[in-house]
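Chain and residue survey
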Amino acid sequence: MNANVQLFELPVAEEPEPGQPDRIQHGCDYDFDGSRMNYYYNFLYYAWTIADEEVYARAYLDMPEEISIFVPYERLKGDVAFAPLLRYLQRRFVNIRTFERAGDGYVLRYRLRGAAER
């Protein structure tokens, strides 16, 4: 496992639960080349408003234990405004990836402690 991956414990449930998304939508994206399918993505799209900015994440339904959030890791870990969002995701997903604009793409950043690597 990557040494930069932060292991986390399952957060304690809270009522009301902080970090609830503003909306969750189901979507799919696909491409055909003639009669051949090049790709098919079936996903849930999560959206939050944090500090007047829309933040979103995708969970692909063929990988239900994982989510990718479109926030760079340095910002996610360094801004307390993201803490409730991160706890929300940690209660639902084993793996949390961030999208890095520096060309790294999706990078695994958080994993539930004790979860099997895939």
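The following refers to the structure shown. This one's a predicted model, so the numbers in the text were calculated from it and none came from an experiment. (Residues numbered from 1 in each chain as written. Predicted model: local features only at pLDDT ≥ 70, side-chain atom pairs only at ≥ 80, totals over all residues. Heavy atoms only, no water.)

**Observations regarding the environment of Met-37**
Note on placement: Met-37 falls in strand E3 (residues 36-50). For the pair Met-37 and Glu-74, spaced 37 residues apart in sequence, the C-alpha to C-alpha distance is 36 Å. Those residues in contact with Met-37 that lie beyond four places of it in its chain are Tyr-30, Asp-31 and Phe-32. (Helix = DSSP H or I, 4+ residues; strand = E, 2+ residues; numbered from the N terminus. Contact = heavy atoms within 4.5 Å.)

**Focus: the side chain of Ser-68**
Summarising the element assignment, Ser-68 is placed in strand E5 (residues 66-69). Those residues in contact with Ser-68, other than ones at most four positions away along the chain, are Ala-57, Arg-58, Arg-97 and Tyr-106.

**A closer look at unusual backbone geometry**
The peptide bond linking Glu-15 to Pro-16 adopts the cis configuration, its omega dihedral lying at -10 degrees. Checked against the element boundaries, Pro-16 lands in the loop between strand E1 (6-8) and strand E2 (23-33). Of note, the phi angle at Asp-52 is positive, near 65 degrees, even though the residue is not glycine. Structurally, Asp-52 is set in the loop between E3 and strand E4 (53-60). On the basis of relative accessible area, Asp-52 is assigned to the exposed category, the value being 78%. (Buried < 20%, exposed > 50% of the residue type's maximum accessible area, 1.4 Å probe, protein only.)

**Points about the pairing of E4**
Judged from the eight bridges that link them, E3 and E4 form a sheet pairing that is antiparallel. The residue of E4 that forms the bridge with Tyr-46 is Ala-57. Sheet topology places E4 next to E5; two bridges connect them, and they run antiparallel. Each bridged residue has a counterpart across the sheet, and for Ala-57 the counterpart in E5 is Ile-69. Connecting the antiparallel pair E4 and E5 is a turn made up of five residues. (Pairing = 2+ DSSP bridges.)

This is a description of form; function is not addressed.
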